[in-house]
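Notes for the structure review
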Amino acid sequence: GKPTLYGSLTRRGLSTEGVPDIAASEGFVVGEVTKKSILVSCPHENVSTKFLAPYTTFSRIHQKSITCLDISSGGGLGVSTSTDGTMKIWQAANGEIRRLLEGHVYDVNCCRFFPSGLVVLSGGMDAQLKIWSAEDASCVVTFKGHKGGILDTAVVDRGRNVLSCSRDGTARLWDCGKSACLGVIADCGSPVNGIAVGAADNSLNLGSPEKPPSEREIGTEGKILLLAREDKKLQGVGLQSRQPVFLFVGSDAFNCCTFLSSTYLLAGTQDGNIYQLDVRNTNAPIQVIHRSGAPVLSLLPYRDGFIASQGN
C-alpha cells in the first residue's frame, strides 16, 4: 500500500576474485555480492531482495517480447510465443530452434505441451485453438467456436480433452479425437484471462450435471476448473457438473490462477496481489502477498512454494 522505492546500483570496480564492488544510492544497502547474485536491502522499510543472474540466456529465439512459454515434461524442449508474431519449438539445453509453428492469424496468446511432450496446444487472437505435432510442426487439429481471442488453455489428464478460455467470456471443453466442442463449462459475461484444472478435495461438493456427460468426456470427474476473470472475480466450477462451486471477489482483474494442491489455490491480480485461498472456504484468503503494484502475470507451483512473474 506504499509507493515503490527506486534507487540505483553502481559498480566501482572488481575484486581480484572477479566479484564486483557495488555501491547503492541513498536509502539502500548492498549486502552479500557473489558472481551470480546481489543482495539489496532497504533498512528503513526492513525489506530485502536478492537479484540472481541468469545462468543461460537465449536471445535469438524471438525478436520481440515473449508472451508465453512452456517446457516439455521431460525437460528437453521449449515452446514459446512472441509479439514478433511467431511460435517456435526449441531445445531447452541450448536454445536451438527446432520448429516454427505457423497457421494462426494474428497473435498467438498461449502455448503449452501435452503431458507426452510430443504435441503442443495453442490459442490465438483469431479465436482458434490448435494442436500441433512437435515432431514435424504440422497442425493436427483446429478447434473453432470461440467468438473472441483465446487467452489461456489447460489439458485434462493425458489430453484426450482440453480446455480453453476467451475474451468472449466463456470456457469450453473440447474433444481432441473428434475435434469437437463438448460444451461451454462457464459463461461469465466478462473476459476469462486464465484457467487451471485440478483434482478437487474430497470434501467439496462439485454438484451434479443436469444431463449425463458425453462418453467422449475423459477425466473430467472430480475435477474443478478455476477461472481468473477480468471482472475481479475468481470462480470455481465443477468440470463435469458445470455447476458453480465458489466465487471470490478480488481487488482488481484476475490475470492468472493455479492449484498448489487439491485444497490450496493461488490467483494473481492486475494490481499486484497474489491471493492464496482454501477451496473449502473461500470467504477469506489464507494470505494476500503484495510485493509491488505491478500486475501478476503468471504463477507456477515450485517445490514447497511457487514462482510468480510480475509486469515490472
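What you see is a predicted model, and the numbers here were worked out from it, not measured in a lab. (Residues numbered from 1 in each chain as written. Predicted model: local features only at pLDDT ≥ 70, side-chain atom pairs only at ≥ 80, totals over all residues. Heavy atoms only, no water.)

1. Let's talk about the overall build of the chain
- A count of helices and strands for the chain gives 0 helices and 27 strands.
- Taken against the 2.2 N^0.38 rule, which gives 20 Å for 312 residues, the C-alpha radius of gyration of the chain at 21 Å falls within 12% of a compact globule.
- Referenced to the eigenvectors of the C-alpha coordinate spread, the extents of the chain come out at roughly 70 × 50 × 30 Å.
- Expressed as a percentage of its 312 residues, the buried residues of the chain come to 43%.
- When contacts within the chain are restricted to residue pairs at least 6 apart in sequence, those whose partners lie at least 24 apart make up 38%.
- By element, 49% of the accessible surface of the chain is carried by carbon and sulfur atoms, the whole surface being about 16500 Å².
- Side chains of the chain give 30 positive and 29 negative charges; the mean places of these two sets differ by 3 Å. (Helix = DSSP H or I, 4+ residues; strand = E, 2+ residues; numbered from the N terminus. Rg over C-alpha atoms; globule rule 2.2 N^0.38 Å. Buried < 20%, exposed > 50% of the residue type's maximum accessible area, 1.4 Å probe, protein only. Contact = heavy atoms within 4.5 Å. Areas by Shrake-Rupley, 256 points an atom, 1.4 Å probe, with all protein chains shown as cover. Lys, Arg positive; Asp, Glu negative; His and termini not counted. Charge placed at Lys NZ, Arg CZ, Asp CG, Glu CD.)

2. Details of the pairing of strand E3 (residues 29–33)
- Direction of pairing for E3 relative to strand E4 (residues 37–42): antiparallel, over a ladder of 3 bridges. Considered in E4, the bridge of Val-29 is made with Ser-41.
- A loop of 3 residues connects E3 with E4, the two strands running antiparallel in sequence. (Pairing = 2+ DSSP bridges.)

3. What about the side chain of Lys-223?
- By the secondary structure assignment, Lys-223 is in strand E19 (residues 223–229).
- A distance of 2.7 Å separates a polar atom in the side chain of Lys-223 from the backbone oxygen of Gly-219. (Polar contact = N/O pair within 3.5 Å; in protein donor to acceptor, adjacent residues only side chain to side chain.)

4. Re the domain arrangement of the chain
- Assigned domains of the chain: these are domain 1 (9–52) and domain 2 (66–310).
- One C-alpha centre belongs to domain 1, the other to domain 2; they are set 38 Å apart. (Domains from an automatic or database assignment.)

5. Regarding the packing of aromatic side chains
- All told, the structure shown has 5 aromatic pairs when counted by the stated rule.
- Each ring, one from Phe-58 and one from Trp-90, has its centre 5.9 Å from the other, and the planes form 65°; the classification is edge-to-face. Of the two residues, Phe-58 sits in the loop between strand E5 (47–52) and strand E6 (66–71) while Trp-90 sits in strand E8 (residues 87–91), which places them 32 residues apart along the sequence.
- Of the aromatic side chains, those joined through ring pairs into one cluster are Phe-248, Phe-254 and Tyr-275. (Phe/Tyr/Trp six-rings, centres within 6.5 Å; stacked < 30°, edge-to-face > 60°.)

6. A look at the side chain of Asp-126
- Its location among the elements puts Asp-126 in the loop between strand E11 (119–124) and strand E12 (129–133).
- Of the buried charged residues, Asp-126 lacks a salt bridge, with Lys-130 as the closest side chain of opposite charge at 5.9 Å.
- Setting aside chain neighbours within four positions, we find Asp-126 in contact with His-104, Val-105 and Tyr-106. (Salt bridge = Lys/Arg side-chain N within 4 Å of Asp/Glu carboxyl O.)

7. Some words on a nonpolar patch on the surface
- On the surface, a nonpolar cluster with roughly 260 Å² of combined accessible area is contributed by Ile-66, Leu-69 and Ile-71.
- The class of Ile-66 is partly exposed, set by a relative accessible area of 47%. (Patch = residues over 30% accessible without salt bridge, like charges linked within 9 Å, V, L, I, M, F, W, Y side chains within 5 Å.)

8. A word on the sheet that holds E5
- Sheet architecture is open: 3 strands sit in the order E3-E4-E5, paired in antiparallel fashion. For this open sheet the edge positions go to E3 and E5, each flanked by a neighbour on one side alone. Taking the axes of each pair of neighbouring strands and ignoring which way they run, one obtains an average angle of 25° across the sheet. (Axes fitted to C-alpha atoms, helices over the stretch in contact; angles between N-to-C directions.)

9. Quick look at the pairing of strand E10 (residues 108–113)
- Along E10, 5 of the 6 residues are buried, which leaves the element largely enclosed by surrounding structure.
- One ladder, built from 5 bridges, connects E10 with E11; its direction is antiparallel. Looking at E11, one finds that Cys-111 is bridged to Ser-122.
- With antiparallel pairing between neighbouring strands as the criterion, E10 and E11 make up a hairpin whose turn holds 5 residues, including Gly-117 at a positive phi of roughly 80°.

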